[in-house]
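Analysis of the macromolecular model
Chain by chain, the residues:
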Amino acid sequence: MEFDVGARLKQIREQHGLSQRALAQRAGVTNGTISLIEQNRSSPSVSSLRKVLQGIPMTLAEFFSSDDLPPPEQIFFKGGELIELAGELKGTVGQISFRQVGDLRSRNLQILHERYAPGADTGRTMLQHEGEEGGIVIKGQIELTVGDRKQLLGPGDAYFFDSRVSHRFRNIGEVECEVISACTPPYL
């Protein structure tokens, strides 16, 4: 099932009574950016879509959620019950998948199963938000930049940092990279 990022953005923008121009101004992007995304003529990076959604304001989790979310009291989750947050989002190059454990409406911790195709990148605009995040690489390699520090991490390697420091994830390898991560408070 393919997620229509453009149609969803238009639906949410209209529900909030915003014109493309008003949303663009609130988000600090051009009118053309909103128009291209809504027409599915541009596939935004994770950081670009998050920037647009901050103009509403809305998280990526809220953007990609649907009415069939598991109940908040659910404790155990089958692989097929994880919530895909990135839908058809592409990084600067390559597909990125963020699958979230559970519904965050009553949670302070976000746990993700992340997959980065070869060449995938969260975007030239570095991510930065309140909180802390950490993760463990399960397979492949990921280049993580945090502030002015950069490290290539492989299977079994881990990271943990203050998310207020600008950061970026890139798969510079030849195979898919898989990461299990956690962030508090929830970011995406």
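Rules behind the numbers
Residues numbered from 1 in each chain as written. Predicted model: local features only at pLDDT ≥ 70, side-chain atom pairs only at ≥ 80, totals over all residues. Heavy atoms only, no water. Helix = DSSP H or I, 4+ residues; strand = E, 2+ residues; numbered from the N terminus. Contact = heavy atoms within 4.5 Å. Polar contact = N/O pair within 3.5 Å; in protein donor to acceptor, adjacent residues only side chain to side chain. Core = buried A, V, L, I, M, F, W, Y, C linked by side-chain atoms within 4.5 Å. Buried < 20%, exposed > 50% of the residue type's maximum accessible area, 1.4 Å probe, protein only. Domains from an automatic or database assignment. Pairing = 2+ DSSP bridges. Arc of directions from axis to C-beta. Axes fitted to C-alpha atoms, helices over the stretch in contact; angles between N-to-C directions. Phe/Tyr/Trp six-rings, centres within 6.5 Å; stacked < 30°, edge-to-face > 60°.

As recorded by an unreviewed UniProt entry, the protein carries the name XRE family transcriptional regulator and is attributed to Azospirillum palustre.

1. Observations concerning the environment of Glu 114
Mapped onto the elements, Glu 114 comes out in strand β3 (residues 110–116). Residues Glu 114 and Gly 135 lie 21 residues apart in sequence; the distance between their C-alpha atoms is 9.7 Å. Those residues in contact with Glu 114, other than ones at most four positions away along the chain, are Ser 97, Phe 98, Tyr 159, Cys 177, Glu 178, Val 179 and Ser 181. A polar side-chain atom of Glu 114 sits 2.4 Å from a polar atom in the side chain of Ser 181.

2. A look at the nonpolar core
Counting residues in hydrophobic clusters, the biggest one holds 41 residues, and the most contacted among them are Leu 9, Leu 53, Phe 63, Leu 85, Phe 98, Tyr 116 and Leu 188. Per-domain counts for this core show at least three residues from each of domain 1 (5–64) and domain 2 (83–184).

3. Overview of the sheet that holds strand β2 (residues 96–100)
In space, the 6 strands of this open sheet follow the order β1-β2-β3-β9-β4-β7, with antiparallel pairing throughout. Two strands close off the open sheet at either side, each with one partner strand: β1 (83–84) and β7 (158–162). Bridge analysis of β1 against β2 gives 2 bridges, and the strand direction is antiparallel. Along β2, the bridge assignment pairs Ile 83 with Gln 100.

4. Considering helix α1 (residues 5–15)
Listed in full, the buried residues belonging to α1 are Val 5, Gly 6, Arg 8, Leu 9, Ile 12 and Arg 13. Along the axis of α1, the buried residues cluster in a sector spanning 165°; they form a single face. Of the surrounding secondary structure, the elements contacted by the buried residues of α1 are α2 (20–27), α3 (31–38), α4 (46–54) and α5 (60–64). Structurally, the start of α1 carries an N-cap: the backbone nitrogen of Gly 6 is 3.2 Å from a side-chain oxygen of Asp 4.

5. Some points on the sheet that holds strand β8 (residues 167–170)
An order of β6-β5-β8 is seen for the 3 strands of this open sheet, with the pairing classed as antiparallel. Because the sheet does not close on itself, it has two edges, and the strands there are β6 (149–153) and β8. Across the sheet, the mean angle from the axis of one strand to that of its neighbour is 15°, orientation sign disregarded. Of the strand pairs in this sheet, strand β5 (residues 142–146) and β8 are connected by 4 bridges, and their pairing is antiparallel. Within β8, the residue paired with Thr 145 across the bridge is Arg 168.

6. Some thoughts on the pairing of β6
Here β5 runs beside β6; their pairing, made up of 5 bridges, is antiparallel. Along β6, the bridge assignment pairs Ile 142 with Leu 153.

7. Let's talk about the packing of aromatic side chains
Evaluation of the coordinates by the stated rule reveals 5 aromatic pairs. Ring centres 6.1 Å apart and planes at 85° place the aromatic pair Phe 98 and Tyr 116 in the edge-to-face group. Here the residue Phe 98 occupies a position in strand β2, and Tyr 116 occupies one in strand β3, the gap between them amounting to 18 residues. Overall, Phe 98 belongs to the buried group, its relative accessible area being 5%.

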